[in-house]
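Architecture at a glance
Chain by chain, the residues:
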Amino acid sequence: VCDENQQVTSECLEAARIATNKYMITNAGRDFFHIRMRPHPYHVLRINKTLSCAGADRLSTGMRGAFGKPYGTAARVKIGQVLISIRTKEEKVQIAAEALRRAKFKFAGRQKVHVSNKFGFTKFSKDDYKKWQDSGRLIPDGIGVKFLSSRGPLHRLIGREAAAEE
């Protein structure tokens, strides 16, 4: 979780991803985690190069037409925005926290490691997830789940119960 308003470059996001991935593979195993990089570097950074040689004042245009050339990309992050998420088993949580602590050093500014009480990449707590899963209200949807509310057409809920009995 980021603790400052800042621009995070694509290079430091990639360095943090590699550091996290390498630590998790060596300590948790290749198939026991899933990393999600949350910010996307869409903001284009530009640089207005100036000459610093002899006679540069006659060659350069100074601040005239100062819209620079593309230099790199960055993601603008706010305070409290999540930078990296790791989904793993309950017994591997300490390994994931250490991997994120090591990834913090790749970013400028302050970051915090936060262990969530949510189940995986879903918006449900672990207890709610178990409750809704047992009642058949959650539908797997890739790495997340969709929640079936009690509102809407009846055939959606009645048809699911009939299909489950067959």
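Scroll up to find the structure this text is about.
Conventions adopted
Residues numbered from 1 in each chain as written. Predicted model: local features only at pLDDT ≥ 70, side-chain atom pairs only at ≥ 80, totals over all residues. Heavy atoms only, no water. Helix = DSSP H or I, 4+ residues; strand = E, 2+ residues; numbered from the N terminus. Buried < 20%, exposed > 50% of the residue type's maximum accessible area, 1.4 Å probe, protein only. Contact = heavy atoms within 4.5 Å. Axes fitted to C-alpha atoms, helices over the stretch in contact; angles between N-to-C directions. Parallel < 35°, antiparallel > 145°, perpendicular 65-115°, else oblique. Left-handed = near helix turned anticlockwise from the far one by under 90°. Pairing = 2+ DSSP bridges. Phe/Tyr/Trp six-rings, centres within 6.5 Å; stacked < 30°, edge-to-face > 60°. Lys NZ or Arg CZ within 6 Å of the ring centre and 35° of its normal.

**Focus: the overall build of the chain**
- Assigned secondary structure in the chain consists of five helices and seven strands.
- Along the chain, from the amino end to the carboxyl end, the secondary structure elements read β-α-β-β-α-β-β-α-α-β-β-α.
- By residue count, 25% of the 166 residues in the chain fall in the buried class.
- Looking at the chain alone, contacts between residues at least 24 apart form 66% of all its contacts between residues at least 6 apart.

**Examining the packing of helix α1 (residues 10-27) against helix α3 (residues 93-104)**
- Interhelical geometry of α1 versus α3 gives an angle of 150° and a closest axis separation of 8 Å. For the element pair α1 / α3, the angle class is roughly antiparallel. Considering how the two elements wind past one another, α1 and α3 form a crossing that is right-handed. Contact residues: α1 offers Ala16, Thr20, Tyr23, Met24 and Asn27, while α3 offers Ile95, Ala96, Glu98, Ala99, Leu100, Arg102 and Ala103.

**With respect to the sheet that holds strand β4 (residues 69-77)**
- Spatially, three strands are ordered β1-β4-β3 in an open sheet, and the strand pairing comes out antiparallel. Edge strands, defined here as strands with exactly one partner in the open sheet, are β1 (6-9) and β3 (43-47). Here the strands of the sheet are splayed against their neighbours by 50° on average, with no regard to which way each runs.
- Its contacts with the sheet put α1 on β1 and β4, and the angle it makes with β1 is roughly 65°.

**So, the pairing of strand β7 (residues 144-147)**
- Where strand β6 (residues 138-141) meets β7, four bridges bridge the pair, whose relative direction is antiparallel. If you follow Pro140 over to β7, its bridge partner there is Val145.
- Adjacent in sequence and paired antiparallel, β6 and β7 are bridged by two residues, among which Gly142 carries a positive phi angle near 75°.

**Structural notes on the environment of Met24**
- Tracing the chain through its elements places Met24 in helix α1.
- Measuring from C-alpha to C-alpha, the distance between Met24 and Lys92 comes to 9.3 Å, with 68 residues separating the pair along the chain.
- Residues in contact with Met24, not counting those within four places in the same chain, are Gly29, Phe33, Ile86, Ile95, Ala96 and Ala99.

**Things to note about the packing of aromatic side chains**
- Taken as a whole, this structure holds three aromatic pairs when the rule is applied.
- A centroid spacing of 3.9 Å and a plane angle of 20° characterise the contact between Phe119 and Tyr129, whose relative ring orientation is stacked. Note that Phe119 is positioned in the loop between α3 and α4 (126-134) and Tyr129 in helix α4, a separation of ten residues in sequence.
- Assessed through its relative accessible area of 37%, Phe119 is described here as partly exposed.
- A centroid spacing of 5.0 Å and a plane angle of 70° characterise the contact between Trp132 and Phe147, whose relative ring orientation is edge-to-face. Of this pair, Trp132 sits in helix α4 while Phe147 sits in strand β7, and the two are 15 residues apart along the sequence.
- Look at Phe147 and you get partly exposed, because its relative accessible area is 34%.
- Through pairs of rings, three or more aromatic residues link up here, namely Phe124, Trp132 and Phe147.
- Note that Arg36 overlies the ring of Phe121, its terminal NZ or CZ placed 4.6 Å from the centroid.
- Sitting over the ring of Trp132, Lys131 keeps its end group 4.8 Å from the ring centre.

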